[in-house]
Amino acid sequence: SCEDGEMVIKFSHVTNTDKHPKGIAASLLQQRINDEMNGKACMEVFPNSTLYTDEQVIEAMLRGDVQLAAPSLSLFESITKSYRLFDLPFMFKNINAVDAFQASETGQAMLDAMQRRGLQGLGFWHNGMKQFSANKPLLEPSDAQGLKFRVQPSDVLVAQMNALGASPQPMAFAEVYGALQTGVVDGQENTWSNIYGQKFFEVQDGVTETNHGIIDYLVVASVDWLDSMDAETRDQFLTILHEVTTERNAEVGKVDLEARQAILDAGGVIRELTAEQRQDWVDVMKPVWTQFEEEVGAENIAAAQEINAAN
Amino acid sequence: MEVVLLFVLIVGLLLIGVPIAVALGFSSIFFQLAFSETSLASVAQSLYLAMAGHYTLLAIPFFVLASSFMSTGGVAKRIIRFAIACVGHLQGGLAIAGVLACMMFAALSGSSPATVVAIGSIVIAAMRQVGYTKDFAAGVICNAGTLGILIPPSIVMVVYASATDVSVGRMFLAGVFPGLLAGVMLMVTIYVIARIKNMPKGEWLGWGEVSASFRDAVWGLLLIVIIMGGIYGHPWIRFDEGLSLIYWRGGAFTPTEAAAVAAVYAFFVASFIYRDMGPLAATEEGGLPLPLYRKPLAIFTAFFHKDTQATLFEGGKLTITLMFIIANALLLKHVLTDEQIPQHIATAMLSAGFGAVMFLVIVNVILLIGGQFMEPSGLIVIVAPLVFPIAIQLGIDPIHLGIIMVVNMEIGMITPPVGLNLFVTSGVAGMSMMRVVKAALPFLAVLFVFLIMITYIPIISTFLPNSIMGPEIITN
Amino acid sequence: MSGKYTPKGPVGRVVHGLEETAIAVILGLMTMLTFVNVIMRYAFNSSIIWSLEVVLVLFTWLVLFGVSYAFKVTAHLGVDAITNMLPRGPRKVVALLAGAICVFYALLLCKGAWDQWAPFADLPPTTGHWFPTGLDTAARGRSFFETDQIPMPDWLRFLEDWINYGEHYSKLPRVVPYTILPVAAALILFRICQAVRRVWNDESESLIVSHEAEDAIEDVAAMNRGD
Ligand code: NA
Ligand code: NA
């Protein structure tokens, strides 16, 4: 724990500390800061929502009750709409494209999107690409028609499910497994590591490898807190954070593949799409872009597509 | 250590008559202000999010409401009639019927005191009429009423599930066998005592009465089917041609939604079928209720009728007092987490070399002592996060741990000096507390044996959920 | 023990009626909204996307608002095993001490509720750790915060000019559901003060009841009087 005179950095997150990509990154960050900034700063990590839930943490940060958090991008909906770019279906074809975009000028500028609200994005942490699963095989977009999908409560995701002719259902994450099992909802969308970690594959007919979206986290701190640090400490802190971000993001592909393989090993079914099948999904869901073009910015979409094509 | 100070402060405040919620909240706030930087605004936010951020706790108001509609709506007396028709002719039959009625009402209601009030008020009077001592009657009901939180649905299970992120549906399934087992153990004990003491037995009223009373009670009992079938799935008829007619249809709602459906269903049964309340109820004592065609407007007026409003209000009031305690208990949980107390305790326990057995004994003792001061839901909110991580490390099944905690809560409710069911029974039976304690003692012994069985035979709790929902997943 | 609370005077009766109606109506709305959503999903394969969030807000309002009512009618649970053994005089002293703790609790709640709510209404929170020492006018406003899914009703659009510097709200701003915080905290303080005054005037003995079913028991206890 922290010694007197050290700057205390409380990091609150909602996953475990050693299996989830975010938890692993947070643990690594904690270890490096406590080693390298010993005497200057000290980081305490509160995992598993033990201190704050993701819904609470942004408000708590603006009050100064917590210094660091990494909520999923959809949690910032009520502050800026620009992160909706990452929710738009088939915006990026793989995690490398996401990485390249975030490293680009446009991507880095998005970190500052909430500055005037007192929040500073410090880096994007990946969870991975999203896949669909349901209680029947999903190969054509029409297979999803009429099914009930649990989604995070976001306008983009609701529009995405409506485009498929499916019915979006908001539901607390803790209830999803039970609801999939008993059939209260038919399907859901998530990353490989979540589908494996929550064992959703056990209660679904199969998972379809669509890679239709991403789940990313934004490491965030308050502008006031960052301003309160002396420049040297801040630089050291940010350097460590960026190194951890790069290191862990590079590993995400591997973590994802491991989770994917673990699902197969555990007897789960994974369906791959042919190029034509995937194109059908793209055609059905891409019209959602126009709906949100104004909020997200046509120039941002264009920049993302340029990078996407190059990857 | 400061934490000891914190708990001393809480107990001190409780003993001088500070409301439980304020004792927990004030101590936690005081502690936060004194030992950390956390702001009062954060306290306010936590109180707000105790409700807004805990979706599963929503089941509490709904189950409380369903229970209120069934108590005022005449479900209890119909269940009792059916229970008497089934087992009333045995030696000690009325007492056994009382337990059976408690079990059936427990399957409709989420709380123990509600079960005692609904069943106890009628059965205790009936037992005395046929020659049982008041003490025996009170002892039976006081104990059987605790099944209210063990047989699903259960408010305490909802709170445990919410505090530890296990599935409510799983917890409900896990309570089924233990609930039946505890009920049967109580009934057997009564039968043995009745044979020894030659207690009265009723008359066998014939299969006619069994079926008549069942038809009368079936609207209430149907709720069990609706809750369980709605959550876990049910057979359904298919209308598309070419396929087999009957198929298994998946669940219709989550456990939280099931509670709301239960409340609406109970309202309909009470207002339109039994008509013991609402616009169609008989206007004079002993009169007959009106049929709906005589007063068709009742379809609308029932929603705004003063009986409906009064029941809604009663349900709301109970929800408020329970949730105020839970919300403040969450403040305390926040303090304990902030100070990383669970980790310290876990480290201490594990390094002391405690195994699962010793650990469970400690949990039982903590809960039995804590149960003297605390309302069960509030106690679970505080204790569950403390012991849960340790239990997981020791390889104890989270569902099994939950059932152990619920059974401890049951026992806490009927042990002196403070026990919710003791108070309620003493009120319902018009007896002094100490007399109820003595009356409850022989059956309390049965529940103790039951607690030991539940603690050391995990399969009683885990068999049903594991065979229906697959083995428990631990992701954290 | 507590006895039934009877409101005094015409204003008291109206307020009492309003409080009880509010509690009944909020719980009724929560139940119906949840029920309708189940029917929509099960029978029509659709859903009201905002209903879950609205139900949770109503749940919060029900409890936070209701806490003050429960102080008024002495419905909060507590342990009276020890205080009941005390003779009259000391019992009153102890009850007043418990009352003082409650008042202090409510005061802290008031500061916390204001500090949490004010920035969302573009008002300054107070300074000071536990004692308000002034207004923090430099604090950033948080009036831009919106709820997740609750639609913005047009009749509340005036809030855009009042607190959001003319900027558009696409969802209901959080300040609206949060308004229950300062309102409830003030009501709780008021009702606790009244309850303490009743103890002081010997009109009641404590601020607590020992169990949740006290009212229900009064109705049925008559059935089992005598031996
Ligand atoms: Na029950
Ligand atoms: Na007890």
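Rules used in this analysis
Starting from 1, residues in each chain are numbered consecutively following that chain's sequence as written. Written order decides the labels, with chains lettered from A and ligands numbered from 1. Local features in a predicted model are, by the rule used here, given only for residues with pLDDT of at least 70; side-chain atom pairs are given and counted only at 80 or more, and totals for whole chains, interfaces and linings are based on all residues. Each side-chain value is derived from all of the structure's non-hydrogen atoms; neither hydrogens nor water enter the calculation. UniProt positions are given in the numbering used here, feature names are shortened, and annotations may be inferred rather than shown by experiment. Salt bridges are defined as contacts in which a side-chain nitrogen from Lys or Arg sits within 4 Å of a carboxyl oxygen from Asp or Glu. Here a helix means four or more residues in a row that DSSP labels H or I, a strand means two or more in a row labelled E, and each is numbered from the N terminus. Burial classification: accessible surface area is computed with a 1.4 Å probe over protein chains only, and a residue below 20% of its type maximum counts as buried, one above 50% as exposed, and the rest as partly exposed. For Na, K and Ca the donor cut-off is 3.2 Å; for every other metal, N, O and S atoms count as donors within 2.8 Å. Water does not enter the count, which can leave sites looking incomplete. Any pair of residues with heavy atoms lying within 4.5 Å of one another is described as a contacting pair. The term buried area means the drop in 1.4 Å probe accessible area that two parts suffer when joined, counted for both and summed. For the purposes of these results, a polar contact is taken to be a pair of N or O atoms within 3.5 Å, where, inside protein, one atom must be able to donate a hydrogen and its partner to accept one; residues adjacent in sequence count only when each atom of the pair is a side-chain atom. Amino acid classes used here: Ala, Val, Leu, Ile, Met, Phe, Trp, Tyr, Cys and Pro are nonpolar; Asp, Glu, Lys and Arg are charged; the rest, including Gly, are polar. The axes used here are C-alpha line fits, helices contributing only the stretch in contact, and every angle between their N-to-C directions lies in the interval 0 to 180 degrees. Comment on the angle field: the value is read as roughly parallel under 35 degrees, roughly antiparallel over 145, roughly perpendicular from 65 to 115, and oblique elsewhere. In a left-handed crossing the near helix is turned counterclockwise from the far helix by less than a right angle, and in a right-handed crossing that turn is clockwise. What pLDDT conveys is the predictor's confidence in a given residue, as a value from 0 to 100. Buried Ala, Val, Leu, Ile, Met, Phe, Trp, Tyr and Cys residues form a nonpolar core when they are joined through side-chain atoms within 4.5 Å.

Chain C has the name TRAP transporter small permease protein in an unreviewed UniProt entry, where Puniceibacterium sediminis is given as its organism. Of chain C, the UniProt comment under Subcellular location (unreviewed entry) reads exactly: "Cell inner membrane". One UniProt comment on chain C, placed under Subunit (unreviewed entry), says "The complex comprises the extracytoplasmic solute receptor protein and the two transmembrane proteins."

Peer 1: Describe in detail the pattern of salt bridges, supporting the description with residues and values.
Peer 2: A full pass over the atoms with the stated rule returns 35 salt bridges over all chains. Across the pair Asp276(B) and Lys77(B) runs a salt bridge, and its minimum N-O distance is 3.2 Å. With a gap of 199 residues between them, Asp276(B) in the loop between helix 12 (255–273) and helix 13 (298–304) and Lys77(B) in helix 5 (residues 75–87) connect regions that are remote in the sequence. A residue is classified by how much of its surface remains accessible, and Lys77(B), at 45% relative accessible area, is partly exposed. Notably, a salt bridge pairs Glu19(C) with Arg191(C), separated by 3.0 Å at the nearest N-O pair. Taken together, the positions of Glu19(C) in helix 1 (residues 9–44) and Arg191(C) in helix 6 (residues 180–200) put the pair 172 residues apart, joining distant regions of the chain. Judged by its relative accessible area of 5%, Glu19(C) falls in the buried class. Members of the salt-bridge network, linked through shared partners, are Lys77(B), Arg78(B), Arg81(B), Glu209(B), Asp216(B) and Asp276(B).

Peer 1: If you had to explain the coordination of the sodium ion (ligand 1) to someone new, which residues and values would you point to?
Peer 2: Residues and elements named next belong to chain B. The sodium ion (ligand 1) binds to the protein through Ala-106 (O), Ser-109 (O), Gly-148 (O), Ile-151 (O) and Pro-153 (O); the donor distances cover 2.2 to 2.4 Å. Considered as a linear motif, the donors of the sodium ion (ligand 1) on their single chain read A-x2-S-x38-G-x2-I-x1-P. Here Ser-109, found in the loop between helix 6 (93–106) and helix 7 (112–129), pairs with Pro-153, found in the loop between helix 8 (134–144) and helix 9 (155–164); they are 44 residues apart in sequence, far enough to count as distant. The same class applies to Ser-109 as to Pro-153, namely buried.

Peer 1: Tell me about the interface of chain B and chain C, and please be specific about residues and values.
Peer 2: Each partner contributes to the interface: chain B provides 76 residues, whereas chain C provides 72 residues. Overall, the association of chain B and chain C removes approximately 6,700 Å² of surface from exposure, summing both partners, and the carbon and sulfur fraction of that is 75%. The largest per-residue losses of area from chain B upon contact with chain C belong to Tyr48(B), Phe313(B) and Ile320(B), which jointly make up 11% of the total buried on that side. At the junction of chain B and chain C, the tally comes to one salt bridge. When the shortest N-O distance is used, the salt bridge between Glu257(B) and Arg41(C) registers 2.6 Å. For the interface between chain B and chain C, the tally reads seven residue pairs in polar contact (both at pLDDT 80 or more). With 15 residues, the single largest contributor to the side of chain B that touches chain C is helix 14 (residues 306–338) of chain B. Partitioned by chemical class, the residues of the side of chain B that touches chain C number 52 nonpolar, 16 polar and eight charged.

Peer 1: Outline the packing of helix 8 of chain B against helix 19 (residues 420–429) of chain B, supporting the account with residue identities and numerical values.
Peer 2: Residues and elements named next belong to chain B. One way to put it is that helix 8 packs onto helix 19 with a least axis distance of 10 Å and a crossing angle of 140°. Considering the angle they form, helix 8 stands oblique to helix 19. Our pair here, helix 8 against helix 19, has a crossing hand that is right-handed. Packed against helix 8, whose contacting residues are Lys-134, Ala-138 and Cys-142, the element helix 19 presents Asn-421, Leu-422, Thr-425 and Ala-429 at the interface. Residues of the contact of helix 8 with helix 19, tallied by class, amount to four nonpolar, two polar and one charged.

Peer 1: Give me the packing of helix 10 (residues 168–197) of chain B against helix 20 (residues 433–456) of chain B: which residues, what numbers.
Peer 2: Residue and element names in this part refer to chain B. Relative to each other, helix 10 and helix 20 sit at 145°, their axes nearing to 10 Å. Note on packing geometry: the crossing formed by helix 10 with helix 20 is right-handed. Contact residues: helix 10 offers Pro-178, Leu-181, Ala-182, Met-185, Leu-186, Thr-189, Ile-190 and Ile-193, while helix 20 offers Phe-443, Val-446, Val-449, Phe-450, Met-453 and Ile-454. When its residues are assigned to classes, the contact of helix 10 with helix 20 shows 13 nonpolar, one polar and no charged.

Peer 1: Break down the confidence of the model for chain C for me, citing the residues and quoting the values.
Peer 2: Looking at chain C, the pLDDT average stands at 90 and 91% of residues meet or exceed 70. Among the prediction metrics, the complex's ipTM stands at 0.90, with pTM recorded as 0.91.

Peer 1: Please provide a residue-by-residue account of the nonpolar core, values included.
Peer 2: Residues Ile60(B), Phe136(B), Phe359(B), Leu401(B) and Met30(C) are the most contacted members of the largest nonpolar core, which totals 295 residues. Per-element tally for this core: the top contributor is helix 14 of chain B, with 16 residues. Membership of the second largest hydrophobic core comes to 27 residues, among which are Ile9(A), Ala70(A), Val219(A) and Ala221(A).

Peer 1: Mind laying out the side chain of Arg191(C), listing which residues take part and the relevant values?
Peer 2: Given a relative accessible area of 7%, Arg191(C) falls into the buried group. When near neighbours in sequence (up to four residues on either side) are disregarded, Arg191(C) contacts Val15(C), Glu19(C), Ser68(C), Phe71(C) and Lys72(C).

Peer 1: Describe the interface of chain C and chain A, naming the residues involved and giving the relevant values.
Peer 2: Listed by partner, the interface residues are 18 residues for chain C and 25 residues for chain A. Between chain C and chain A, a total of about 2,100 Å² is buried, with carbon and sulfur atoms accounting for 45% of that surface. By the criterion of area lost to chain A, the three top residues of chain C are Arg41(C), Arg140(C) and Phe144(C), representing 30% of everything that side buries. At the boundary of chain C with chain A, the tally comes to six salt bridges. Residue Asp155(A) is joined to Lys171(C) by a salt bridge in which the shortest nitrogen-to-oxygen separation is 2.7 Å. On the surface where chain C and chain A come into contact, there are ten residue pairs in polar contact (both at pLDDT 80 or more). Residues of the side of chain C that touches chain A, tallied by class, amount to five nonpolar, six polar and seven charged.

Peer 1: Which residues make up the environment of Leu75(A), and what values do they have?
Peer 2: Residues and elements named next belong to chain A. Topologically, Leu-75 is positioned in the loop between strand 3 (68–69) and helix 3 (95–103). What makes Leu-75 buried here is its relative accessible area of 19%. Between the alpha carbons of Leu-75 and Phe-149 there is a distance of 19 Å; along the sequence they are 74 residues apart. Dropping the residues within four chain positions of it, Leu-75 is found in contact with Asp-54, Glu-55 and Ile-58.

Peer 1: Account for unusual backbone geometry, naming residues and giving values.
Peer 2: Of note, the bond from Pro152(B) into Pro153(B) is cis; its omega dihedral lies within 30 degrees of zero at -5°. Its identity as a non-glycine residue notwithstanding, Phe90(A) has a phi of 60°, on the positive side. Assignment of secondary structure puts Phe90(A) in the loop between strand 3 and helix 3. In this structure Phe90(A) comes out as buried when scored by relative accessible area, which is 8%. The residue Asn211(A) is not glycine, and still its phi comes out positive at about 50°. By the secondary structure assignment, Asn211(A) is in strand 8 (residues 206–222).

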